[in-house]
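Geometric and topological summary
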Amino acid sequence: MTDHEPVPAVAATAEEIATMEIRGAAAIADAAARALATQAEAIDVDDPEAFRASMRAAARTLHETRPTAVSLPNALRYVLQRMNGRTVDELRRGVTSASAAFVDQLDRAQEDLARVGANRLADGDTVMTHCHSTDALACIEEAVDQGKSISAVVKETRPRNQGHITAEQLRDAGVPVTLIVDSAARRYLDEVDHVLVGADSIAADGGVINKIGTSGLAVNARERGVPIMTAAQTIKLHPETLTGHTVEIEMRAEEEVIDPVVRDEIGEIAVENPAFDVTPPRYMDAIVTEHGQFPPESIVTLMRELFGEGAEEPWAEP
Ligand SMILES: O=C(COP(=O)(O)O)[C@H](O)[C@H](O)COP(=O)(O)O
């Protein structure tokens, strides 16, 4: 290992994010911020520039794992922008305290947005969910804590069935759950009062990038007159989209879609596995954040306020 390589614990976190042992935008951001603190504590160099280079290298390794969830670069940016000082000790303290502040902020943001999201839910409501979003679940759990009786229709969310995690977590929170296959969603929309999803990224035009299937669900919800909201703390806002960049949609392995043995039996077929899609703002009723709820079209105002006009890449080689 050279001075400029991530320490093994950081490489292990990167691997866990890439293989989705750590998954979901908030959990990825949390793990990335903690990994930078681990790197800062573990590197043993005297030269401040060598320390900085090593931190940038660790951030690049983490950054390369999954392209769609902007919480990952936003976490890296938050921590590295606070790596200030002239000595290695000062730089190290800058990183570890920024990492702790970021993690703390994540938790508080989720609690704050949960109260906003819960206000949109009424006693007796049934909510349809897609994938597994801790921000979305926090809204339902807060509504339950407020004494509202909430039921859920949970889409399984092929190919990785993150809906099973959602179903389990809601059941543990005392919410009656009905699990359905993705293709049954439209049929069940007549029985629900809200659709509630999370986000991996939110673009400056109000487009919501979330688990594949969200956009089709949103179009169906609109056709059925069911309100749909995204619960997303502001680390999901994608600052690069302010300057016209689009969000890269992660393509994942074919094996997640079809077992290689079954595929061999079927014969040569093309398989594609995009992990996320974009829901245009006109199909989303509200984006719920820790700063309140916004119509998607006005999220750009909040984005400018929080991120300015663009996004630096402090992990890049100078
Ligand atoms: O799309 C997913 C997870 O995708 P994957 O399973 O591919 O990571 C979640 O809805 C968002 O990440 C938000 O999650 P959270 O609200 O927990 O940040």
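Note that the structure is predicted; figures quoted are calculated from it, not measured. (Residues numbered from 1 in each chain as written. Predicted model: local features only at pLDDT ≥ 70, side-chain atom pairs only at ≥ 80, totals over all residues. Heavy atoms only, no water.)

**Things to note about the sheet that holds strand E8 (residues 276–279)**
Hydrogen bonding along the main chain pairs the strands of a sheet, whether they run parallel or antiparallel. What counts is decided by this rule: Think of it this way: DSSP has to see at least two bridges between two strands before they count as a pair. Labels follow the DSSP assignment, with helices taken as runs of H or I lasting at least four residues and strands as runs of E lasting at least two, numbered in each case from the N terminus.
If you trace the 3 strands from one edge of the open sheet to the other, you get E5-E6-E8, paired in antiparallel fashion. The open sheet has two edge strands with one neighbour each: strand E5 (201–202) and E8. Here E5 pairs with strand E6 (residues 208–211) via 2 bridges, running antiparallel. Bridging across to E6, Ile202 finds its partner in Val208.

**Brief notes about the site of the ligand**
What counts here: By convention in this text, a residue qualifies as near a molecule or strand provided that one of its non-hydrogen atoms is within 4 Å of it. We define a polar contact as two N or O atoms separated by no more than 3.5 Å, with the added condition that, inside protein, one atom must be a possible hydrogen donor and the other a possible acceptor, whereas residues neighbouring each other in sequence contribute only through side-chain atom pairs. Basically, the charged four are Asp, Glu, Lys and Arg, the nonpolar ten are Ala, Val, Leu, Ile, Met, Phe, Trp, Tyr, Cys and Pro, and anything else, Gly included, counts as polar. Where each domain begins and ends follows an automated or database-derived domain assignment.
Around the ligand, the surrounding shell holds 18 residues, and the nearest of these are Arg23, Ser133, Thr134, Asn210 and Lys211. At 2.7 Å from an oxygen atom of the ligand is found a side-chain nitrogen or oxygen belonging to Ser133. A distance of 2.6 Å is found between an oxygen atom of the ligand and a side-chain nitrogen or oxygen belonging to Lys211. Looking at the shell around the ligand, the elements with two or more residues in it are helix H2 (25–42), helix H6 (134–145) and E6. A class-by-class count of the residues in the shell around the ligand yields 6 nonpolar, 6 polar and 6 charged. Residues from two domains meet in the shell around the ligand; each of domain 1 (8–110) and domain 2 (112–307) gives at least three.

**Some remarks on the UniProt feature "binding site: substrate" (unreviewed entry) in the protein chain**
Under the convention used in this document: UniProt positions are given in the numbering used here, feature names are shortened, and annotations may be inferred rather than shown by experiment. A 1.4 Å probe that fits but cannot get out identifies a cavity on a 1 Å grid over protein atoms alone, an open set with protein on both sides within 12 Å along at least five of seven lines counts as a pocket, and a residue lines either if it has an atom within 4 Å of a point. Residues are treated as being in contact if the distance between any of their heavy atoms lies within 4.5 Å.
The positions UniProt marks with the feature "binding site: substrate" (unreviewed entry) are Arg23, Gly24, Ala25, Ala26, Arg66, Asn210, Lys211 and Lys236. A stretch of 214 residues holds the annotated residues, and the largest C-alpha distance among them is 14.2 Å, short enough that they meet in one place. From the set just named, the residues that line the largest cavity comprise Lys211. Mapped onto the elements of the fold, Gly24 is located in the loop between helix H1 (8–18) and H2. Here Asn210 is in contact with His130, Val197, Gly198, Ala199, Asp200, Ala275, Phe276 and Asp277, once residues within four sequence places are set aside. Of note is the side chain of Asn210, whose polar atom sits 3.4 Å from the backbone oxygen of Gly198.

**Things to note about empty space enclosed by the protein**
Selection rule: Grid points are joined across faces, edges and corners, and a volume is the space filled by probe spheres set on the points.
Scanning the entire structure with this criterion turns up 1 cavity of 30 Å³ or more. Approximately 50 Å³ is the volume attributed to the largest cavity. Taken together, Met20, Pro159, Arg160, Gln162, Lys211, Ile212, Arg252, Glu256, Asn273, Pro274 and Ala275 form the lining of the largest cavity. Its residues assigned to classes, the lining of the largest cavity shows 5 nonpolar, 2 polar and 4 charged.

**Some points on the UniProt feature "active site" (unreviewed entry) in the protein chain**
So the rule is basically this: Only protein chains enter the accessibility calculation, which uses a 1.4 Å probe. A residue is then buried if its area is under 20% of the maximum for its type, exposed if over 50%, and partly exposed in between.
According to UniProt, the positions carrying the feature "active site" (unreviewed entry) are Cys131 and Asp200. The greatest C-alpha distance among the residues just named is 11.3 Å, despite their covering 70 residues of sequence, which places them together in space. You can see Cys131 is positioned in the loop between strand E1 (126–129) and H6. Taking the relative accessible area as the measure of exposure, Cys131 reaches 7% and is therefore buried. Those residues in contact with Cys131 that lie beyond four places of it in its chain are Arg23, Lys155, Thr157, Gln162, Gly163, Thr166 and Lys211. The exposure class of Asp200 is buried, given its relative accessible area of 9%. Filtering out sequence-adjacent residues up to four positions away, Asp200 remains in contact with Ala25, Thr68, Ala69, Val70, Ser71, Ile209, Asn210, Lys211, Lys236 and Phe276.

**A closer look at the side chain of His130**
By secondary structure assignment, the location of His130 is in the loop between E1 and H6. Overall, the relative accessible area of 3% leaves His130 in the buried class. A distance of 3.1 Å separates the side chain of His130 from the side chain of Lys155, its partner in a polar contact. Of the polar contacts made by the side chain of His130, one reaches the backbone oxygen of Ile212; its length is 2.8 Å. Once residues within four sequence positions are removed from consideration, His130 is found in contact with Lys155, Thr157, Asp182, Leu196, Val197, Asn210, Lys211, Ile212, Gly213, Thr214 and Leu217.

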